[in-house]
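Here are the chains, one letter per residue:
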Amino acid sequence: MYDQKLKKLLRDVKNGKTTPAQAYEALKDLPFEDLVHSKLDHHRAIRKGFPEVVYCEDKSVKQVADIARALKRKKQNFLFTRASGEIFAAVAAVESSARYNPDGRVISAIYKRIPPPPRPVAVVTAGTSDIPVAEEAAETAAAMGSAVVKIYDVGVAGVHRLVSHAGTLRRAGVVVVVAGMEGALASVVGGLIDRPVVAVPTSVGYGASFAGISALLGMLNTCAPGVAVVNIDNGFGAGYFAAVLNREFGANSASWDPK
């Protein structure tokens, strides 16, 4: 989408619809805009198909607000992760359409809707305690254009809960599985479906879970094929990867019918 916008700008200059000065104003901050505290990569939308995502932890409220203003000037979609309520208030003062997911701690504002793939991304959790990481993944995939289906609290301690959703899982384009403890849910899901599975280990669990390392190792050692693993608690990374996979893999799949 963004590369098409650049091509259109160049065509408009060639055809006299846009002056070189106007094109310069549109392009002058490429490849990045220097905000002193941050170097905002406006070019990323052209290279990657989605603008730079802002990780808010350890940034000041002012720094995040400055970034929001720069993105708004360029009408680039917002996705701010690990954001507090205080940061959201500052971003909302810059862009009133910004919305906040307090569970996932994600702020988003969409100026340009990305055409959705025909199938959704399914986001699945083993337990209720995994929902914050799952919400981060879900918000990320949604901001990148995918429809999202959420299936929460279906861990292996009661695997019949998962099996009851098998049809929905098989109709998804990509499935994100979020689990702590021993991380076994990713293997179970991977053994049930022919779709790519993105596994997210969480830091949820008792002492021997080692803050997510047990789940991470369990997922890495899965015997189910088609399972990729991201870092501990990295819902953003999982949602981003799932959306990219869904855009490519899901585009070649039949449309999803929720019935």
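Refer to the structure printed above.
Residues numbered from 1 in each chain as written. Predicted model: local features only at pLDDT ≥ 70, side-chain atom pairs only at ≥ 80, totals over all residues. Heavy atoms only, no water.

Caption draft 1: Examining the overall build of the protein more closely. Along the backbone of the protein there are 11 helices and 11 strands. What you see for the protein is a C-alpha radius of gyration of 20 Å, in line with the 18 Å of a compact globule of 259 residues. Projected onto its principal axes, the C-alpha positions of the protein cover 65 × 40 × 30 Å. Counting over 259 residues, the protein shows a buried share of 49%. Sequence-distant contacts in the protein: of pairs separated by 6 or more residues, those separated by 24 or more amount to 67%. (Helix = DSSP H or I, 4+ residues; strand = E, 2+ residues; numbered from the N terminus. Rg over C-alpha atoms; globule rule 2.2 N^0.38 Å. Buried < 20%, exposed > 50% of the residue type's maximum accessible area, 1.4 Å probe, protein only. Contact = heavy atoms within 4.5 Å.)

Caption draft 2: Region of interest: the sheet that holds strand β5 (residues 99-101). Spatially, β3-β4-β6-β5 is the arrangement adopted by the four strands of the open sheet, whose pairing is mixed. The sheet is open, and its two borders are formed by β3 (54-55) and β5, each paired with just one other strand. (Pairing = 2+ DSSP bridges.)

Caption draft 3: Fine view of the side chain of Asn77. Tracing the chain through its elements places Asn77 in the loop between α4 (61-73) and β4 (78-81). Residue class for Asn77 comes out buried when judged on its relative accessible area of 0%. Of note is the side chain of Asn77, whose polar atom sits 2.9 Å from the backbone nitrogen of Lys112. (Polar contact = N/O pair within 3.5 Å; in protein donor to acceptor, adjacent residues only side chain to side chain.)

Caption draft 4: Geometry of the sheet that holds strand β8 (residues 148-151). The parallel open sheet is built from five strands, whose spatial order is β8-β7-β9-β10-β11. In this open sheet, the two strands that pair with only one neighbour each are β8 and β11 (227-229). Between one strand and the next, the sheet's axes are offset by a mean angle of 20 degrees, whatever the strand orientation. As judged from the five bridges shared by strand β7 (residues 121-125) and strand β9 (residues 174-179), these two strands associate in the parallel manner. From the neighbouring strand, Val123 faces β9, where its bridge partner is Val176. Helix α9 (residues 185-192) contacts β7, β9, β10 (197-201) and β11 of the sheet and is inclined by roughly 160 degrees relative to β9. Across the sheet, helix α11 (residues 235-249) lies against β7, β9, β10 and β11, angled at about 180 degrees from β10, the strand it touches most. (Axes fitted to C-alpha atoms, helices over the stretch in contact; angles between N-to-C directions.)

Caption draft 5: Representation of the environment of Val91 within the structure. Relative to the assigned elements, Val91 resides in helix α5 (residues 85-94). Overall, the relative accessible area of 0% leaves Val91 in the buried class. Separated by 42 residues in the primary sequence, Val91 and Gly49 place their C-alpha atoms 23 Å from one another. Residue contacts for Val91: discarding those within four places in its chain leaves Val64, Ala68, Phe78, Phe80, Ala98 and Ile107.

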